[in-house]
Amino acid sequence: MSTIKTVCVYCGSGPGTNPNFIEAAKALGRALAENKIRLVYGGGSLGLMGAVATSVLDHGGMVTGIIPDFLRMRENALTRVQEMVVTPDMHERKRLMFERSDAFVALPGGLGTLEELVEQLTWQQLGRHAKPVLLANVDGFWEPLFSLVAHMRQTQFIRAGLTVDILKADKVEEIIPRLRAAAAQIPDDQRDLAPDVARRL
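Since the model is a prediction, treat every value here as computed from it, not as a measurement.

Of the regular secondary structure elements, the chain holds seven helices and seven strands. For the chain, the succession of helices and strands along the chain, N to C, is β-α-β-α-β-β-α-β-α-β-α-β-α-α. The globule rule puts the C-alpha radius of gyration for 201 residues at 17 Å, and the 16 Å found for the chain is close to it. With respect to the principal axes defined by its C-alpha atoms, the chain has extents near 45 × 40 × 30 Å. Expressed as a percentage of its 201 residues, the buried residues of the chain come to 49%. Sequence-distant contacts, at least 24 apart, represent 72% of the contacts inside the chain between residues at least 6 apart. Counting only carbon and sulfur atoms, one obtains 54% of the accessible surface of the chain, whose full area is about 9,900 Å².

Across all of its chains, the model carries 11 salt bridges by this definition. Among the salt bridges present, the one from E23 reaches K26, with a minimum N-O distance of 3.9 Å. Of this pair, E23 and K26 are both found in helix α1 (residues 19-34), three residues apart, which corresponds to roughly one turn of the helix. With a closest N to O distance of 3.4 Å, E174 and R178 form a salt bridge.

About the thresholds
- Residues numbered from 1 in each chain as written.
- Predicted model: local features only at pLDDT ≥ 70, side-chain atom pairs only at ≥ 80, totals over all residues.
- Heavy atoms only, no water.
- Helix = DSSP H or I, 4+ residues; strand = E, 2+ residues; numbered from the N terminus.
- Rg over C-alpha atoms; globule rule 2.2 N^0.38 Å.
- Buried < 20%, exposed > 50% of the residue type's maximum accessible area, 1.4 Å probe, protein only.
- Contact = heavy atoms within 4.5 Å.
- Areas by Shrake-Rupley, 256 points an atom, 1.4 Å probe, with all protein chains shown as cover.
- Salt bridge = Lys/Arg side-chain N within 4 Å of Asp/Glu carboxyl O.

Below is the structure:
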């Protein structure tokens, strides 16, 4: 049975307009540290990205940042992390984030967050991995996406046999239990996407 040892968190490099977004990022960081789960994230020190990583570190947890070289200055790479991986491009960043993570959580964010999230959902839909993917629906932030997915099902662009399994948590304290429950249902031989496959996607 699969266990959760590392979680990849996708989130905004800005703080957003709602103070609860930053508070949720900090609370998730603390929860990861207290549960001995390593954070894998985009490497920046700004916005929600910085808040979740700093919180993990402040509570004695472990962090791996993965950042493309061209973003190191723009997103002010967080130098406190135990491991910082600098990649030549976004594709390599996303591949490594996938390979090093047992599950994925999306906090509020912008187009980059959405793009990374949708890629994992697409790979899952196509049977390339079975790792849990969860939306942290802070103050209903992801409701428009849930509505869009429902619309895609209704219009049969998400067809039978091409399911999209999106976990949802309205409260931060629900995130880790739901990830663990989902991971416990995954046979180990279905958990990983082979690195050579990841490089081709």
